[in-house]
Amino acid sequence: MNKAEREEFQKLRQHIANCQTVPRESFVSRVVLHRLNEKMLQLEQAPSSGGSRGIWKGRKNKQKKPKRSAIESFFAFVRTLIIDLPFTLLLLSTVITHLAHEYYVHYVSPMIDAARWVNNDRLKNEYTYYDRPCDVSDITAKSIEEVILEDGINDADEAVDKFMVHGM
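Residues numbered from 1 in each chain as written. Predicted model: local features only at pLDDT ≥ 70, side-chain atom pairs only at ≥ 80, totals over all residues. Heavy atoms only, no water.

Novice: Explain the overall build of the chain here, please?
Specialist: The number of helices and strands found in the chain is 5 helices and 0 strands. In sequence order, the secondary structure elements of the chain are arranged as α-α-α-α-α. When the 168 residues of the chain are sorted by exposure, 12% land in the buried category. Total accessible area on the chain stands at roughly 15,000 Å², and carbon and sulfur atoms take up 60% of it. (Helix = DSSP H or I, 4+ residues; strand = E, 2+ residues; numbered from the N terminus. Buried < 20%, exposed > 50% of the residue type's maximum accessible area, 1.4 Å probe, protein only. Areas by Shrake-Rupley, 256 points an atom, 1.4 Å probe, with all protein chains shown as cover.)

Novice: I would appreciate a short explanation of the confidence of the model for the chain in the present structure.
Specialist: A low pLDDT score tells you not to read the predicted coordinates there in detail. Looking at the chain as a whole, the pLDDT averages 76, with 71% of positions reaching at least 70. Taking the mean pLDDT of every element in the chain, the minimum, 64, falls on helix 4 (residues 122-125) and the maximum, 92, on helix 3 (residues 70-115). (pLDDT = per-residue confidence, 0-100.)

Novice: How should the packing of aromatic side chains be read in this particular structure?
Specialist: To describe a pair of aromatic rings, one takes the distance between the centres and the angle between the planes. One pass over the full model with this rule turns up 2 aromatic pairs. A ring pair is formed by Tyr-103 and Tyr-107, whose centres lie 5.3 Å apart and whose planes are at 40°; its orientation type is tilted. A residue pair is termed a helical-turn pair when its members lie 3 or 4 positions apart in one helix, as Tyr-103 and Tyr-107 do in helix 3 at 4 residues. Taking the relative accessible area as the measure of exposure, Tyr-103 reaches 49% and is therefore partly exposed. (Phe/Tyr/Trp six-rings, centres within 6.5 Å; stacked < 30°, edge-to-face > 60°.)

Novice: Which parts of the structure should I look at to understand helix 3?
Specialist: Think of an α-helix as turning once every 3.6 residues; residues three or four places apart then point the same way. For helix 3, with 46 residues, the first-to-last C-alpha span of 63 Å sits near the 68 Å given by 1.5 Å per residue. Helix geometry: helix 3 is bent most strongly at Tyr-104, by close to 40°. (Expected span 1.5 Å × (residues − 1). Bend = angle between axes of the 7 residues up to and from the residue.)

Novice: What's the story with a negative patch on the surface in this structure? I'm lost.
Specialist: A surface patch of like charges, here negative, comprises Asp-155, Asp-157, Glu-158 and Asp-161. Inspection of the secondary structure assignment puts Glu-158 in helix 5 (residues 156-165). Judged by its relative accessible area of 41%, Glu-158 falls in the partly exposed class. (Patch = residues over 30% accessible without salt bridge, like charges linked within 9 Å, V, L, I, M, F, W, Y side chains within 5 Å. Salt bridge = Lys/Arg side-chain N within 4 Å of Asp/Glu carboxyl O. Lys, Arg positive; Asp, Glu negative; His and termini not counted. Charge placed at Lys NZ, Arg CZ, Asp CG, Glu CD.)

Novice: Can you help me understand the pattern of salt bridges in this one?
Specialist: Where side chains of opposite charge bring their charged atoms close, a pairing between them can arise. Tallied over the entire structure, the rule returns 1 salt bridge. Across the pair Arg-79 and Asp-84 runs a salt bridge whose closest N-O atoms are separated by 3.2 Å. Note on Arg-79: relative accessible area 46%, which makes it partly exposed.

Novice: Looking at this structure, I do not really get a nonpolar patch on the surface. What am I missing?
Specialist: Together, Phe-77, Leu-81, Ile-82, Ile-83, Leu-85, Phe-87, Leu-89, Leu-90, Leu-92 and Ile-96 line one region of the surface with nonpolar side chains, adding up to about 1,000 Å² of accessible area. Structurally, Leu-85 is set in helix 3. Under the relative-accessibility criterion, Leu-85 is labelled partly exposed at 41%.

Printed below as a string of structure tokens:
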């Protein structure tokens, strides 16, 4: 605290002490004087901030957390190791198991059922294992000539490619 600030506080303290409208012994005067004295002590103990607004910024001396003793740190570590970590791992494994089950039920199981061709009547009606209904809009050929195989196609892969272009 610089000299000008100290003099300003002293003048303010004297003005409040000599104030005629509020008796010096009144509760309000005592509270204001007490707070001014506390602020003076704080400013004298705190290192100078270099600015003139340093006294109005709030408390500089914040209370620090007390340090843990070695035994408290040890018990905190043991509690984390015995209680917190197992519960965290249990919760994590439950979430992962639930997600894996949902993935299996919604994606894997229908694909396995669609790929199963033995002991069912699907061989008579279907040619692929895709799990989706087909309708007229899936066939893109405009005429029968687009899907008829010419005499030059001898390879099964070429025939499949020609059919698959038009969704048949």
